Structures are given as structure tokens and as C-alpha cells.
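If you want the building blocks of each chain, they are given just below.
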Amino acid sequence: MTLSLHHEFPATDRVVVYVGGRLDAMSFGEFDEAMLVLLPRLDEGGTVVVDLAGLEYVSSAGLRSLARIRKSMRARNGHTLLLNPQPQVRKVFDIVKAVPVNEVFTSTQELDAYLDRMQRQVIEGNGDA
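Residues numbered from 1 in each chain as written. Predicted model: local features only at pLDDT ≥ 70, side-chain atom pairs only at ≥ 80, totals over all residues. Heavy atoms only, no water.

Novice: What exactly am I supposed to notice about the overall build of the protein chain here?
Specialist: A count of helical and extended segments in the protein chain gives four helices and five strands. Scanning the protein chain from its N terminus toward the C terminus, one meets helices and strands in the order β-β-α-β-α-β-α-β-α. Evaluated residue by residue, the protein chain yields a buried proportion of 41% over its 129 residues. Summarising the internal contacts of the protein chain: among those between residues at least 6 apart in sequence, 66% fall at separations of at least 24. Of the accessible surface of the protein chain, which amounts to about 7300 Å², a share of 53% is contributed by carbon and sulfur atoms. (Helix = DSSP H or I, 4+ residues; strand = E, 2+ residues; numbered from the N terminus. Buried < 20%, exposed > 50% of the residue type's maximum accessible area, 1.4 Å probe, protein only. Contact = heavy atoms within 4.5 Å. Areas by Shrake-Rupley, 256 points an atom, 1.4 Å probe, with all protein chains shown as cover.)

This is how it looks when you write it as C-alpha cells:
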């Protein structure tokens, strides 16, 4: 299976990118190019949510692509959150410690609860989430 990508902008400060298939040495370039187009469309300090429900395989090349997104978003005072990784993909993250555990969510409900907590902290003046 090859890489499949699509996205939606539920808000000007958030993009959800749906990734399916394989993110590997053959497909990471396509993924990187798509992200280069999407990231500048986000407001400063925005959030990229990468939905991995359809991702069946990730290689070190794919991990580097995800790391580049995280680095780019941090430079913009933004966040990168990973959603719905399949067990084999989650295992890769666990093994290489590629992504902080607080940036990986097992469901949309878990992600929404996290986003709700972040926003409440800002409203209540408890600093940045």
C-alpha cells in the first residue's frame, strides 16, 4: 500500500492531517511536501493534529518527517499532536522514544479532553499548556 493523505482545517489555528498506508523511504517526500504547503496556512501558535488511524507502517524516514513537523511547529510556538496510532506504529514510537507520550492520543475523545484542559489552563491563567 502507498501513502494516502488528506486534511481539513477545523479552525485557522488547527489542521488535521489524515495519514494512511506507509510512511517510509518511498513516501516520506510526498508527506514532507504536503506539510510544507499546509503549515504556513496555520496561524502562529497553531496545532497540527496528525491522525494515524490509517497508517499501517512507519520507518525511520517517516519518523524523521514527523520530527521535522514537531520542530517546525515548536519554532512557531505551536503544537504537534498524534492521534489514533495503530498498535504497531505506537510500538515504534515507544521503542525509539520518538514522540513524547503526552503528544500521542488513542482516540478523538482523549485528544478533545486534552485540548479542553489546555484551553482551560490558559483561560484560568495557569500559564501555557
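Novice: Would you explain the pattern of salt bridges in this entry?
Specialist: Applying the stated criterion across every chain, the model contains two salt bridges. The salt bridge partner of Asp24 is Arg22, with a shortest N-O separation of 3.1 Å. Using a relative accessible area of 31% as the deciding quantity, one classes Arg22 as partly exposed. Close ionic contact of Arg68 with Asp32 constitutes a salt bridge, the shortest N to O distance being 2.6 Å. (Salt bridge = Lys/Arg side-chain N within 4 Å of Asp/Glu carboxyl O.)

Novice: Even after reading the chapter, I still don't get the sheet that holds strand S5 (residues 104-105), so can you show me in this structure?
Specialist: Neighbouring strands of a sheet are bound in pairs by backbone hydrogen bonds; such pairs are parallel or else antiparallel. Judged by pairing direction, the sheet is mixed, and its five strands sit side by side in the order S1-S2-S3-S4-S5 without closing on themselves. This sheet does not close on itself; its edge strands, each paired only once, are strand S1 (4-11) and S5. Relative to strand S2 (residues 14-23), S1 runs antiparallel, the two sharing six bridges. Note that in S2 the partner of His7 across the bridge is Val17. Lying on the sheet, helix H2 (residues 60-75) is in contact with S2, strand S3 (47-58) and strand S4 (79-83); it crosses S3 at an angle near 175°. (Pairing = 2+ DSSP bridges. Axes fitted to C-alpha atoms, helices over the stretch in contact; angles between N-to-C directions.)

Novice: Is there a simple way to think about the nonpolar core in this case?
Specialist: A general feature of soluble globular proteins is that nonpolar side chains tend to end up buried together. Of all hydrophobic cores here, the largest spans 23 residues; its most connected members are Val19, Phe31, Met35, Val48, Leu52, Leu66 and Phe93. Only S2, helix H1 (28-38), S3, H2 and helix H3 (87-96) provide two or more residues apiece to this core. Residue contacts for Leu52: discarding those within four places in its chain leaves Val19, Leu82, Leu83, Asn84, Pro85, Gln86, Val89 and Phe93. Core analysis: the next-biggest nonpolar cluster, separate from the first, contains six residues, Val49, Leu81, Phe105 and Tyr114 among them. (Core = buried A, V, L, I, M, F, W, Y, C linked by side-chain atoms within 4.5 Å.)

Novice: Help me understand the side chain of Asp24, please; the structure alone is not making it clear to me.
Specialist: Checked against the element boundaries, Asp24 lands in the loop between S2 and H1. Of note is the side chain of Asp24, whose polar atom sits 3.1 Å from the side chain of Arg22. For Asp24, the contacting residues outside a window of four places in its chain are Tyr57, Ser59 and Ala61. (Polar contact = N/O pair within 3.5 Å; in protein donor to acceptor, adjacent residues only side chain to side chain.)

Novice: Teacher, can you tell me more about unusual backbone geometry here?
Specialist: Excluding glycine, a negative phi dihedral is what most residues carry, and trans is how most peptide bonds are arranged. Despite not being glycine, Asn77 has its phi angle at roughly 60°, a positive value. Under the relative-accessibility criterion, Asn77 is labelled exposed at 58%.

Novice: Explain the packing of aromatic side chains here, please?
Specialist: Ring pairs (aromatic) are described by centroid distance and by the angle formed between their planes. Tallied over the entire structure, the rule returns zero aromatic pairs. When the ring centre of Tyr57 is taken as reference, the NZ or CZ atom of Arg22 above it lies at 4.0 Å. (Phe/Tyr/Trp six-rings, centres within 6.5 Å; stacked < 30°, edge-to-face > 60°. Lys NZ or Arg CZ within 6 Å of the ring centre and 35° of its normal.)

Novice: Hey, could you run me through the environment of Asp51 in this one?
Specialist: Following the sequence through the fold, Asp51 ends up in strand S3. Overall, Asp51 belongs to the buried group, its relative accessible area being 9%. C-alpha of Asp51 to C-alpha of Phe105: the two residues are 54 residues apart in sequence and 9.3 Å apart in space. Excluding anything up to four places from it in sequence, Asp51 contacts Val17, Tyr18, Val19, Leu83 and Asn84. There is a polar contact of 3.2 Å between the side chain of Asp51 and the side chain of Asn84.

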